[in-house]
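# Working through the structure, step by step
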Amino acid sequence: MKLRGLYAITDSQLLAGRFLAYVEAALEGGVTLLQYRDKSQDHARRLGEAEALKALCERYNTRLIINDDAELAARLDVGVHLGQTDGPLTPARTLLGRSAIIGATCHAQLDLAEQAAREGADYVAFGRFFNSVTKPGAPACNVQLLDDARGRIKLPIAVIGGITLDNAAPLVAHGADLLAVIHGLFGADSTAEVTRRARAFNALFASA
Ligand SMILES: Cc1ncc(COP(=O)(O)OP(=O)(O)O)c(N)n1
Ligand SMILES: Cc1ncsc1CCOP(=O)(O)O
Ligand SMILES: [Mg+2]
């Protein structure tokens, strides 16, 4: 499977009261990867929501990724995204098996991406590229990093942080494979607008 296109990420506060409706609207518009990102410790709710997302993803032929939590990913037999403080990649691969998608946060550092590749990641993620309402304190980087990554990083590259339809095109032009988006996708007033945005993000790849 080619990892290229929109990488939709959920946010439990932003999606409160409209969680599954907005996720389904995004899937309707086309989502390559869907990440369940919930920073709470409410394990029962997290399990229930992740199971509901897995069922939705199966209907839309989309791969589900769990943020931070390799154990939950293993329980659901889906992929995981691990940041630099979320635990090592090698045991996660052992736990999840060869076919699971495992992604790694590399901030603005190519050496972290090369290390993640050596440790068996399926994609690497750089960011934040723009101001992010969701994670304002994330380390900043710019498109020069994507230029530098060309030739050095063979894995698909996800970009994240403040990405909207207005600023995403240069990231794709500079080699991004996956646009990882929270607010720029789900910060919409209606399900119809979420679907429109998802389609528009994907269209950026068709013309690249
Ligand atoms: C696709 C993608 N890229 C980066 C991140 C950030 O991961 P991390 O640094 O572990 O921060 P949190 O998301 O856990 O707050 C991500 N989740 N997804
Ligand atoms: C999790 C994360 N890591 C770096 S920026 C970010 C937040 C992305 O959310 P948004 O698309 O709303 O800026
Ligand atoms: Mg994390």
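Residues numbered from 1 in each chain as written. Chains lettered and ligands numbered in written order. Predicted model: local features only at pLDDT ≥ 70, side-chain atom pairs only at ≥ 80, totals over all residues. Heavy atoms only, no water.

The chain goes by Thiamine-phosphate synthase in an unreviewed UniProt entry, where it is assigned to Pseudomonas qingdaonensis. Quoted straight from UniProt, the Pathway (unreviewed entry) entry for the chain says "Cofactor biosynthesis; thiamine diphosphate biosynthesis; thiamine phosphate from 4-amino-2-methyl-5-diphosphomethylpyrimidine and 4-methyl-5-(2-phosphoethyl)-thiazole: step 1/1." According to its UniProt record, the chain has this under Function (unreviewed entry): "Condenses 4-methyl-5-(beta-hydroxyethyl)thiazole monophosphate (THZ-P) and 2-methyl-4-amino-5-hydroxymethyl pyrimidine pyrophosphate (HMP-PP) to form thiamine monophosphate (TMP)." (UniProt positions renumbered as here; feature names shortened; annotations may be inferred.)

## Remarks on the nonpolar core
Core analysis: the largest hydrophobic core is formed by 76 residues, its most contacted members being Tyr-123, Phe-126, Leu-179 and Phe-186. It is helix H1 (residues 19–29) that provides the largest number of residues to this core, a total of six residues. Setting aside chain neighbours within four positions, we find Leu-179 in contact with Gly-5, Leu-6, Tyr-7, Val-159, Ile-163, Ala-168, Leu-171, Val-172, Phe-201, Leu-204 and Phe-205. (Core = buried A, V, L, I, M, F, W, Y, C linked by side-chain atoms within 4.5 Å. Buried < 20%, exposed > 50% of the residue type's maximum accessible area, 1.4 Å probe, protein only. Helix = DSSP H or I, 4+ residues; strand = E, 2+ residues; numbered from the N terminus. Contact = heavy atoms within 4.5 Å.)

## Some remarks on the site of ligand 1
In the neighbourhood of ligand 1, 15 residues make up the surrounding shell, with Arg-37, Lys-39, Asp-86, Thr-105 and Lys-135 lying closest. Take Thr-105: an N or O atom from its side chain is 2.8 Å from an oxygen atom of ligand 1. Isolated, ligand 1 exposes 420 Å² of accessible area, and the fraction of that covered by the protein chains is 91%. A per-class count over the shell around ligand 1 returns five nonpolar, five polar and five charged. (Near = heavy atom within 4 Å. Polar contact = N/O pair within 3.5 Å; in protein donor to acceptor, adjacent residues only side chain to side chain. Areas by Shrake-Rupley, 256 points an atom, 1.4 Å probe, with all protein chains shown as cover. Nonpolar A, V, L, I, M, F, W, Y, C, P; charged D, E, K, R; others polar.)

## Quick word on the site of ligand 2
The immediate surroundings of ligand 2 are formed by Arg-37, Arg-128, Ser-132, Thr-134, Lys-135, Ala-138, Ile-160, Gly-161, Gly-162, Val-181, Ile-182 and His-183. At 2.6 Å, a side-chain N or O of Ser-132 approaches an oxygen atom of ligand 2. A distance of 3.0 Å is found between an oxygen atom of ligand 2 and a backbone nitrogen or oxygen belonging to Ile-182. Here ligand 2 loses 90% of its free accessible area of 370 Å² to cover by the protein chains. In this structure, ligand 2 is accommodated by the largest pocket. Looking at the shell around ligand 2 residue by residue, the class counts come to four nonpolar, five polar and three charged. (1 Å grid on protein atoms, 1.4 Å probe; cavity = no way out; pocket = protein on both sides within 12 Å on 5 of 7 lines; lining within 4 Å. Sits in = over half its atoms within 2 Å of the grid points.)

## A look at helix H4 (residues 89–96)
Among all positions of H4, only Leu-89, Ala-92, Arg-93 and Leu-96 are buried. All buried residues of H4 project into a common sector of 100° when viewed along the axis, lining one side. The secondary structure elements touched by the buried residues of H4 are helix H3 (70–76), strand S4 (79–82), strand S5 (102–105) and helix H5 (110–118). A positive backbone phi angle near 90° is found at Gly-97, which sits one or two residues after H4. (Arc of directions from axis to C-beta.)

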